[in-house]
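Coordinate inspection notes
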Amino acid sequence: LQKTSLYIYYLTWVFAVASKVITAKYISDNSYWAYYTDYSEYLAGNMLLYVISKIEVMMPAALSIYLACMPSKKQFRIPCCLYMIYLVVSLGSGQRSIFMLGILFLAVYLLLRNGMNPEEMWVKKSYIIICIMSVPFLAVFFSWYSMWRTGEASSGMTFFSGIEDFLYNQGVSVNI
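The following refers to the structure shown. (Residues numbered from 1 in each chain as written. Predicted model: local features only at pLDDT ≥ 70, side-chain atom pairs only at ≥ 80, totals over all residues. Heavy atoms only, no water.)

Here the focus is the nonpolar core. Of all hydrophobic cores here, the largest spans 26 residues; its most connected members are Tyr9, Trp13, Met59, Phe76, Tyr83 and Tyr86. Not counting chain neighbours up to four residues away, the residues in contact with Met59 comprise Tyr9, Thr12, Trp13, Ala16, Tyr83 and Tyr86. Counting residues in each nonpolar core, the second largest holds 8 residues, with Ile27, Tyr39, Leu43 and Leu49 among its members. (Core = buried A, V, L, I, M, F, W, Y, C linked by side-chain atoms within 4.5 Å. Buried < 20%, exposed > 50% of the residue type's maximum accessible area, 1.4 Å probe, protein only. Contact = heavy atoms within 4.5 Å.)

Angle between the axes and distance between the axes are the two parameters that describe a pair of packed helices. Contact geometry for helix H3 (residues 47–68) and helix H4 (residues 73–90): axes closest at 12 Å, N-to-C directions at 155°. On the basis of their axis angle, the class for H3 and H4 is roughly antiparallel. Relative to H4, H3 is oriented so that their crossing is left-handed. Across from Glu56, Met59, Leu63, Tyr66 and Leu67 in H3, the residues of H4 making contact are Gln75, Phe76, Pro79, Tyr83 and Tyr86. Across the contact of H3 with H4, the residue classes tally to 8 nonpolar, 1 polar and 1 charged. (Axes fitted to C-alpha atoms, helices over the stretch in contact; angles between N-to-C directions. Helix = DSSP H or I, 4+ residues; strand = E, 2+ residues; numbered from the N terminus. Parallel < 35°, antiparallel > 145°, perpendicular 65-115°, else oblique. Left-handed = near helix turned anticlockwise from the far one by under 90°. Nonpolar A, V, L, I, M, F, W, Y, C, P; charged D, E, K, R; others polar.)

Turning our attention to the side chain of Ser90. Among the structural elements, Ser90 can be located in helix H4. A polar atom in the side chain of Ser90 sits 2.5 Å from the backbone oxygen of Leu87. Ignoring anything within four residues of it in the chain, the contact list for Ser90 reads Lys20, Gln95, Ile98 and Phe99. (Polar contact = N/O pair within 3.5 Å; in protein donor to acceptor, adjacent residues only side chain to side chain.)

Even without being glycine, Met70 reaches a positive phi, approximately 55°. Position of Met70 among the secondary structure elements: in the loop between H3 and H4. By relative accessible area, Met70 is classed as partly exposed at 35%.

Look at helix H2 (residues 32–44): 19 Å from first C-alpha to last across 13 residues, which is about the 18 Å you get at 1.5 Å a residue. At Asp38, H2 is bent by approximately 65°, the largest bend along its length. Those residues of H2 that fall on the buried side of the exposure criterion are Tyr32, Ala34, Tyr35, Tyr39 and Leu43. (Expected span 1.5 Å × (residues − 1). Bend = angle between axes of the 7 residues up to and from the residue.)

Shown next, in the form of C-alpha cells:
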C-alpha cells in the first residue's frame, strides 16, 4: 500500500502542478475574478484540461494514504519537498487557502509523528520556535499578496498594518 500510494502520488503530483500552472496562466491572462466566474466554462471546453484538473484532486488523497503508512523520516523527505513545491506553485492561482491548509496539514503530521516515538525526533524545538516567530511575517506576506492579486496599491502598507489587514480580512472574506 505504501509503495502503490507513493507511485500514485508521484504521478498525480505532475498533473497537480500542471493544473496549478494552467490556473495561474488563466488568471494572468484574464483576471483573478474571472477565475471564479468563467474558469469552469473554460475547463468544460477543453477535455484535456478538465481531466488534468480531476487528476489533481487525487494527489492529496494519495499523499495522505502514503503518510498513513508511517514512512520513515528519510522516506518522507522527497514527498514532503514535492508537496511544498506544489503548495508554492498553488499561490500563483491567488488562493492562499490551499497553501495554508497544506502547511497546516504537514505541521500536524510532523507534530503527530514527533509525539509518537520520543526516541525519534521529527521536529526540533528550534524549528518550532522558528515557525512560531515566522507567523507575523507570513501574515504580512499574505496581506501584501492579497493586495497584489486584486491590483491594490501596497506602497503604504507597514508591518503592523499588514498584520492588522490580515486579521481583518480573515473575518470579512466570508462576505466576499
